[in-house]
Amino acid sequence: MMAALKMKRRLLALWFQRLPTDRLKRLKPQALTPLPLVIAEKAQNALRLCAVDHMAARLGLHVGQPLANARAMVPELEVVPANPQADAQLLNQLADWCDRFTPVVALDPPDGLILEIAGSAHLFGDEQHTLEKVISTLRAKHFTVQGAIANTSLAARALARHRDGYIVGENGEAKAVASLPVEALQLDATTTHAFRRAGLKTIGQVAGRKRSEIAARFGASTLSIIDEAQGQGGRPITPRQTPPDFWQAQNFAEPVATLDVVRAVLQTLAVNLCTLMQQEGMGARHLEASFYRADGAIRRVGVETGSALRSPAVLDRLLHDKLATLADPLDPGFGFDLIRLAALRVEPMAPTAQSLDVKAREQVEVDFLTDRLVARFGRSHVRRFHPRDTHVPEAAWRMASAQERSPPATPWQAMRTPLEAPRRPLRLFQRPELVELAQDPLRLLWRRAARTLTHWEGPERIAMEWWRPEAPQAARDYYRAEDEAGRRYWLYCEQGQRPQWFVHGVFT
Amino acid sequence: MSAHSESAYAELAVTTNYSFLRGGSHPAELVQRAAELGHTAIGIADRNTLAGVVRAYAAWQELPSPKPKLLVGARLVFADGTPDVLAYPQDRAGYGNLCRLLSAGKLRAPKGDCVLTLEDLAHWQEGLLLVVLPQNNEAAPELAERFWNKQISALPPLGEGARRADEGLSGAPISAIECAERPSSGLSATFPQGGKGDHFCDLRQLLTLLKTTAPARLWLGVSMPYRGDDQRRLSAWHKLAREMDVPLLACNDVLYHVAERRPLHDVLTCIREHTTLDQAGKLLQPNAERHLKSAVEMQELFATAPEAISQTTKLAAQVNFTLDQIKYNYPEEPVPKGKSPQKHLEDLVEQGLHLRYGQNVPDKVRASTDKELRLIAKMDIAPYFLTVHDIVKFARSQKILCQGRGSAANSAVCYVLDITAVDPMAIDLLFERFISEERKEPPDIDVDFEHERREEVIQYIYSRYGRHRAALAATVICYRPRSAIREVGKVFGLTEDVTARMGGSVWGGWGRGLQEREIRQGELDPHNALIARAVAFANELVGFPRHLSQHVGGFILTQDRLDETVPVGPATMENRFFIEWDKDDIDTLRMMKVDVLALGILTCIRKAFDLIRLHEGVSLDLASVRREDPQVYEMLQKADSIGVFQVESRAQMSMLPRLKPTNFYDLVIEVALVRPGPIQGDMVHPYLRRRSGKEKVEYPSPKHGDPNELRHVLHKTMGVPLFQEQAMKLAIVAAQFTPDEANGLRRAMATFRNLGTIGRYKEKFVSRMIERGYEPEFAQRCFKQIEGFGSYGFPESHAASFAHLVYISAYLKKFHPAAFACALLNSQPMGFYAPAEIVRDAREHEVEARHVDVNFSDWDNTIEASLNGGLALRLGLRQVSSFREDWAKKLVAVRGNGFGAVSALAKKAKLSKQALIILAEADSFQSIDKDRREILWAVRRLPDDDDLPLFAAAYVEEQPDENIAPLPIMALSEHVVADYQMLRLSLKANIMSFLRGLFQAEGVLSCAEIWAAKDGAKAACAGIVLTRQMPGDSGVVFITLSDETKIANIVVWPRLVSVFRREIMGGRLLLVEGKVQRGEGDVVHLVAERVTDRSDELLRLSEDEQDAPSYKAQASPTAKHPRNVQTVPKSRDFH
């Protein structure tokens, strides 16, 4: 291990020039005659291109161009709104994938990765082979990618963008970057412009000036960047997976292989983790247990909770449920040499005070039950009703995940007037039932029984949603009615060619 | 109740679309619908505004009798939780109070809003009939809901209070109802204190309060919105009304004129709430019931409370106010005490005649002024002329250039009063044609002032007439196709990309509904259901008012308080106010407006006059410039018109050599000819053909009547109608419109475009002309022309005023080119051309141009003596982009005999490092004699500005002079590129000259060579794109290219536009191959056959070839290379 520290760093920079368009193209099957694809986002009050695919670039479209201009030039254009999250996610996946080449992969957002390959290049032959392997595999996956290897990340990045496939030999950075345009230093626009205006258009020309000359004009930081591009010094790269704020891990000299031991370890870790979170006033919303197998494989198991949580017992219970129901059970192989429990997402949580309020306690119970059910059956299988804001009675609710705690825009309470008899039944029939009404006395013929109505109120006229052509369109007149037995019905008359009566629900 | 009164109903709660994004119908639609339904009256009550009432009044005037009474009022929406109140003024005084009330609310709110409290109402209620609408609270619907729930809390549960079954149950409206009795305690429940400290008024308290302040002027307004419990609510209100002794009044709280408008109303609601139809939910109305309903239907709804129906007519009967009671009073200031305005005007005219003509006033002039004065006396509009004269007099005293135009401006009276400089004797303008006696409308005079000094005039108006008597008119901002489709698209959940395309973002498109063609042009399928739907709604929305804005310069001046005539609100600018009515409303009510407008060319002319006086010792003013100088016309005939007012556009430039103006009236025609009106009406070519003698001048005659009737109207323009007046006159003479009809036609074109009135007029116009024996084709063409004028009218009087400025600016360009170019540059932004073209044009006219220099330049561009005895143009620091005026002032103030060194300048002027860098980048240290690149490098070494002051001085001194290697030499091409980046022009060379060798080798001609080429010759030409235009719907694209020799005109026919679309739209440096076409008057076009984008060549200019990295192609697409930062000024496209 000490040897590794002394070893010179070797960094492989990758540049995904068209990450956003590559992402979209991978999602879709290739059309026979594909349209040029561009990504647009709103910047400076206009929709502008923020990525273009190869075809669009060939037609002269470029990043930063207003979409209107692009369309004027190329009317046949596929435009997709920008989705930086998805791009970041994809970059992350790419980083995951690069794990196979080295454990140290750093993100170079928005469209680059940096791999530390000093200790791993030999696994693939040599650096040349490693680079070729990475690039060719990624290209086979339809990514537009360039790469280069150098001793500093800045040099590697610059070369990846301007001299694809270059590998810098021993102390060769200065020579390698000398002919690159000064933009490759990735300085701010003002400094770059100043160099150009001074006639210093390549890194070599800039590096050829006196150090004091540069420092006096652009500061020591610019100087250090130039140095770094030439292979001296170099900022450390930031490994991709930042350690979570709260985590506990246990190392084993002898790998553990039995599930009982694993459970016991998790229990201990849970207690410690909860203590940690307690001290900081935090609770976990997303937990992850990682099992590091002796042979290098890693298994991660995640649990999400509906509300912040830091009770060791509950936490342990959730993990247990989860592990017990894994579709693909935990395989210890030759045993785990490290088990880690981390809270990946936390949020502030007030200290728990025992509440006398039964309702509050009930809520906690329900939440716990929900979390357990979710851990066991999956998020999409445990659901609850949420109100939906519409006039149309049968559309006034929707199903959503039971863990979704965000308060709906219209609470249920608002849908019913508290001081009055309910205006609508709690439950509606799946399908309104056709009925007949007879006059004198007013009788309702429904389900083969005649019921004499004693009281009624209405109409409440509800027009349907005209903008949904697939939905019913005729307006309805709703009535609340009561029969002699005190049963209450919600009736409506559909305004159409011939008025038809329906029972939409009964009041309980 | 008699059968007659049973059918009598007046709808009093009507919201029009002037309650912006709340009402779903135009005022006119509502008024017409109420008339169809036979309502006794209709009350227009918009949300805290009177903005729509004049439109309603205008529509009402056009209705045939018998028509419903029109009540003018407002719906008061309170900020303190008070339920909405409808307020209808009983008389003129009440109307004044309503205006004051709304003005007060507007003044304390941000622009466009109105904040009212119950206290305001109590203060201004005198003379207002009030209807409290307890169920509605537009400001806070949730408060209204809470309020209602509180009131209803004691309602009996279902069963007890509902109807008994023997009443029958059917889908039809209910005809008989027994009201439930219920304990009264519920209604007296005090309402809890609302949030934020505002008090929510309990209904009882409110009614008691208003009853005491406004006895017998109070009603309780109730509607039946089909909410299920309508009858219970009604009975509750009924009871409360009886108890409080306040009459119940029926209304339907109307939002649109017919039920079919509900979808559009939903769309409007979504636009207002910034949501989509899918998300809007209960923000939308639950049903389509809030339309105007017939008296019978209302009676059925209110069967249990018939007196609520009869109260509506009772209220209407108590209103004695109509808008024609608004008497407009001219301000008295301009008239001396004890003198009548007419007498004063006559005296001023007499004085003016002597000033203009001395002792011998020509008889013709005398006759005109006498005749005009008689007409003025008859119409009693002398004060108007005096007011305009007063303002113009002030401007002249401040040496602010100004010139009047407009219908009355080109009269002899205006000329002798010095309002205009166009001698009415020179062109034969008939005064009474512009002031229609029948219409009794005030005359219209617009006065243009120098754009940089108009503010002084405005301040004068305020100080002279006071802010309570002077305010700007409003402009109603309406939905245009582009804004409509954008907003509607959002409501339908379409992405911005799609709506932007539908809005025709590339080629523009104003003033007409979205056509299927335009949607196709945007490559969208109009048959896609969703898009078709959005387009249909957008078309319906076009013409809907969106908000009020202030008019650019139309001032309303009155003798009385303005805020008792119309509500006044604050404008964006502090201490500036505007009224709620726009120019058409003001016309309708015959109020007076003076347009105080800003015109850039006047600024330029004044600056040129100043420079000429200073450097050439010649004193000029608008009236004293030598008239009808043939050299000026010679210059214009050659289309040498860059910088000349109005005739510098590409279209005008190609017209000049064909029209060959030789006198002033030719300029008047030139100005009027190249306009959308005559172009759309296809009048340009007939006129040119007749003028050149290729076509006989003839005047079609009617079968009956004066065979020469058209000759009288059209003889000045060779039988082709070119001016707006001629078009109107045509309607009167040939189609026998009454003057009122003709005026109505003009208005139909200009404003009420959406109401389909044009169709009616067209029918009338064409059929009457045919009836009178004109060719149908001719009649159609005449109407088409009138249609064109509707939106882009250009009356002869305007054209004459503009032509005067055309002549003056051309005169200055001809005889004082240095001063003219300098003044043009100092008045930017204005006109059609970028500074580069102005400077280049000046150099072509033998004006020496000199680069910006810290030792010679001021902020403005200046004039210096030239070695050859002429004048030279010294560029000013204002041409340097991002240099600031205060820096320039500091620099000039300490300059003395000049700076010997950069460090001296830095020390003395205390300029920031950034300012010095900008100066160095702009190469403005030339007189200090150092290389641009070295100076720039040296300046960058200066310490940053934010250093501690203690060290700052020491730092500069102690830093040893660096002994550094020289920087690479800056190539001339790099210099030029840098000049363009900093100044948007270069005096060193033209960018194209560096590429000349390259293009020559390819056999490409220069622009000058194109001009010399033979007609029909095949040729290629390359240049920087100055402008791209696609006039109208033609599909033809005109491109102007420029190189170091000249400008070349390119024409691309539609077929080729689609082929070379990419190059045409995206290229900055284009290579065009095609055929030379020499037209009339030696206008040369290159008709494109192939277009190539050669913009990449520009990149070479800032690179030294040998250093250019060969792998440039791999460079990041995201990095913004400075060389990609525009090296050439952006072209001006698609105006």
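These figures come from a predicted structure and were not determined experimentally.

## Considering the overall build of chain A
Working step 1: Each helix and strand in chain A was counted, giving 14 helices and 19 strands.
Working step 2: By the compact-globule yardstick of 23 Å for 508 residues, chain A is too spread out, its C-alpha radius of gyration being 33 Å.
Working step 3: Oriented by its inertia axes, the alpha-carbon framework of chain A measures out at about 105 × 65 × 45 Å.
Working step 4: Considering chain A as a whole, with its 508 residues, one finds that 47% of them fall into the buried category.
Working step 5: Put simply, of all contacts in chain A between residues at least 6 apart along the chain, 56% involve residues at least 24 apart.
Working step 6: Entry remark: accessible area of chain A is about 25800 Å², with carbon and sulfur atoms responsible for 55%.
Working step 7: For chain A, the separation between the mean place of its 66 positive charges and that of its 56 negative charges on side chains is 3 Å.

## Some points on the side chain of Thr191 of chain A
Working step 1: With respect to the helices and strands, Thr191 of chain A occurs in helix H9 (residues 189–197).
Working step 2: Excluding anything up to four places from it in sequence, Thr191 of chain A contacts Phe218 and Thr222 of chain A.

## Overview of the packing of helix H25 (residues 600–616) of chain B against helix H36 (residues 796–815) of chain B
Residue and element names in this part refer to chain B.
Working step 1: Running from N to C, H25 and H36 point in directions that differ by 35°, and their axes come no closer than 11 Å. In the packing of H25 onto H36, the handedness of the crossing is left-handed. Residues Ile601, Leu602, Ile605, Ala608, Phe609 and Ile612 of H25 form the contact with H36, whose own contacting residues are Leu805, Ile808, Ser809 and Leu812.

## Considering the packing of aromatic side chains
Working step 1: One pass over the structure, following the stated rule, counts 32 aromatic pairs over all chains.
Working step 2: On the basis of an interplanar angle of 70° and a centroid distance of 5.6 Å, the ring pair of Trp456 of chain A and Tyr479 of chain A is categorised as edge-to-face. Taken as a pair, Trp456 of chain A in strand S16 (residues 449–462) and Tyr479 of chain A in strand S17 (residues 476–483) lie far apart in primary sequence, 23 residues in all.
Working step 3: You can call Trp456 of chain A buried: its relative accessible area is 2%.
Working step 4: Aromatic pair Tyr18 of chain B and Phe20 of chain B: ring centres 6.1 Å apart, planes at 55°, arrangement tilted.
Working step 5: According to the relative accessible area criterion, Tyr18 of chain B is buried, its value standing at 5%.
Working step 6: The partly exposed category is assigned to Phe20 of chain B, whose relative accessible area is 23%.

## A closer look at the packing of helix H2 (residues 19–27) of chain A against helix H5 (residues 84–98) of chain A
Residue and element names in this part refer to chain A.
Working step 1: Contact geometry for H2 and H5: axes closest at 10 Å, N-to-C directions at 85°. Taken together, H2 and H5 sit at an angle that is classed as roughly perpendicular. Touching Leu19, Pro20 and Arg23 of H2 are Ala86, Asp87, Leu90, Leu91 and Leu94, all from H5.
Working step 2: In terms of residue class, the contact of H2 with H5 is made up of 6 nonpolar, no polar and 2 charged.

## Here's the deal with the sheet that holds strand S3 (residues 46–52) of chain A
All names here are of chain A.
Working step 1: Across the sheet, 3 strands lie side by side as S3-S2-S4; this open sheet has mixed pairing. This sheet does not close on itself; its edge strands, each paired only once, are S3 and strand S4 (78–81). Neighbouring strand axes in the sheet, compared pairwise and without regard to direction, differ in orientation by 40° on average.
Working step 2: Sheet topology places strand S2 (residues 37–43) next to S4; 4 bridges connect them, and they run parallel. By the bridge assignment, Ala40 is partnered in S4 with Pro81.
Working step 3: The strands touched by H2 are S2, S3 and S4; relative to S2, the strand with the most contacts, the crossing angle is about 125°.

## With respect to the pairing of strand S3 (residues 69–76) of chain B
Residue and element names in this part refer to chain B.
Working step 1: Within S3, 7 of the 8 residues are buried, which leaves the element mostly enclosed by the surrounding structure.
Working step 2: Pairing of strand S2 (residues 41–47) with S3 involves 7 bridges; the strand directions are parallel. Within the sheet, the bridge partner assigned to Ala45 lies in S3 and is Gly73.
Working step 3: Crossover S2 to S3 through helix H3 (residues 53–62) is right-handed.

## Concerning the sheet that holds strand S11 (residues 336–348) of chain A
All names here are of chain A.
Working step 1: Here 4 strands make up an open sheet; going across it, the order is S8-S11-S9-S10 and the pairing antiparallel. Two strands in the sheet have a free side with no partner beyond their single neighbour: strand S8 (246–256) and strand S10 (298–309). In this sheet, adjacent strand axes meet at a mean angle of 10° when their direction is disregarded.
Working step 2: When strand S9 (residues 282–293) meets S11, the two strands line up antiparallel, connected through 11 bridges. Among the inter-strand pairings, Phe291 is bridged to a residue of S11, identified as Ile339.
Working step 3: Helix H12 (residues 259–280) rests against S8, S9, S10 and S11 of the sheet, and its axis sits at about 155° to S8.

## Some words on the pattern of salt bridges
Residues and elements named next belong to chain B.
Working step 1: For the structure on display, the rule yields 92 salt bridges over all chains.
Working step 2: Ionic pairing is found between Glu452 and Lys607, a salt bridge with its closest N-O pair at 2.9 Å. A residue pair is termed long-range when its members are at least 10 positions apart, and Glu452 in the loop between strand S10 (445–450) and helix H19 (454–465) and Lys607 in helix H25 qualify at 155 residues.
Working step 3: Judged by its relative accessible area of 41%, Glu452 is partly exposed.

## Quick notes on the environment of Ile309 of chain B
Residue and element names in this part refer to chain B.
Working step 1: Tracing the backbone shows Ile309 in helix H13 (residues 306–317).
Working step 2: Classification of Ile309 as buried rests on a relative accessible area of 3%.
Working step 3: C-alpha separation for the pair Ile309 and Ala8, spaced 301 residues apart in sequence, amounts to 7.9 Å.
Working step 4: For Ile309, the residues in contact, after removing those within four places along its chain, are Ala8, Tyr9, Ala250, Met298, Gln299 and Phe302.

## Details of the environment of His851 of chain B
Residue and element names in this part refer to chain B.
Working step 1: Among the secondary structure elements, His851 is positioned in the loop between strand S16 (848–850) and strand S17 (862–865).
Working step 2: Look at His851 and you get buried, because its relative accessible area is 10%.
Working step 3: If sequence neighbours within four positions are ignored, His851 has contacts with Ser857, Arg874, Leu875, Ala922, Asp923, Gln926, Asp979, Leu983, Leu987 and Lys988.

## A look at the nonpolar core
The tendency in soluble globular proteins is for nonpolar side chains to be buried as a group.
Residue and element names in this part refer to chain B.
Working step 1: Within the largest apolar cluster, 148 residues are counted, with the highest numbers of intra-cluster contacts made by Leu76, Phe302, Leu315, Leu323, Phe385, Ile461 and Trp581.
Working step 2: The dominant element in this core, judged by the number of residues it contributes, is helix H16 (residues 382–397), at 9 residues.
Working step 3: Judged by nonpolar contacts, the second largest core, of 108 residues, contains Phe609, Leu722, Leu873 and Leu1026.

## Examining helix H40 (residues 902–909) of chain B
Residues and elements named next belong to chain B.
Working step 1: Taken residue by residue, H40 has Val902, Leu905, Ala906 and Ala909 as its buried positions. Considered in projection along H40, the buried side chains sweep an arc of 100° and stay on one side of the axis.
Working step 2: Check the buried side of H40 and you find it contacts helix H39 (885–893), helix H41 (913–921) and helix H42 (932–940).
Working step 3: Count one or two residues on from H40 and you reach Lys910, which has phi positive near 50°.

## As for the domain arrangement of chain A
Working step 1: Entries for chain A in the domain assignment read domain 1 (1–35 + 77–242), domain 2 (246–348) and domain 3 (427–507).
Working step 2: Its C-alpha centre places domain 1 of chain A at a distance of 36 Å from the equivalent point of domain 2 of chain A.

About the criteria used
- Residues numbered from 1 in each chain as written.
- Chains lettered and ligands numbered in written order.
- Predicted model: local features only at pLDDT ≥ 70, side-chain atom pairs only at ≥ 80, totals over all residues.
- Heavy atoms only, no water.
- Helix = DSSP H or I, 4+ residues; strand = E, 2+ residues; numbered from the N terminus.
- Rg over C-alpha atoms; globule rule 2.2 N^0.38 Å.
- Buried < 20%, exposed > 50% of the residue type's maximum accessible area, 1.4 Å probe, protein only.
- Contact = heavy atoms within 4.5 Å.
- Areas by Shrake-Rupley, 256 points an atom, 1.4 Å probe, with all protein chains shown as cover.
- Lys, Arg positive; Asp, Glu negative; His and termini not counted.
- Charge placed at Lys NZ, Arg CZ, Asp CG, Glu CD.
- Axes fitted to C-alpha atoms, helices over the stretch in contact; angles between N-to-C directions.
- Left-handed = near helix turned anticlockwise from the far one by under 90°.
- Phe/Tyr/Trp six-rings, centres within 6.5 Å; stacked < 30°, edge-to-face > 60°.
- Parallel < 35°, antiparallel > 145°, perpendicular 65-115°, else oblique.
- Nonpolar A, V, L, I, M, F, W, Y, C, P; charged D, E, K, R; others polar.
- Pairing = 2+ DSSP bridges.
- Right-handed = clockwise from strand over helix to strand, strands pointing away.
- Salt bridge = Lys/Arg side-chain N within 4 Å of Asp/Glu carboxyl O.
- Core = buried A, V, L, I, M, F, W, Y, C linked by side-chain atoms within 4.5 Å.
- Arc of directions from axis to C-beta.
- Domains from an automatic or database assignment.

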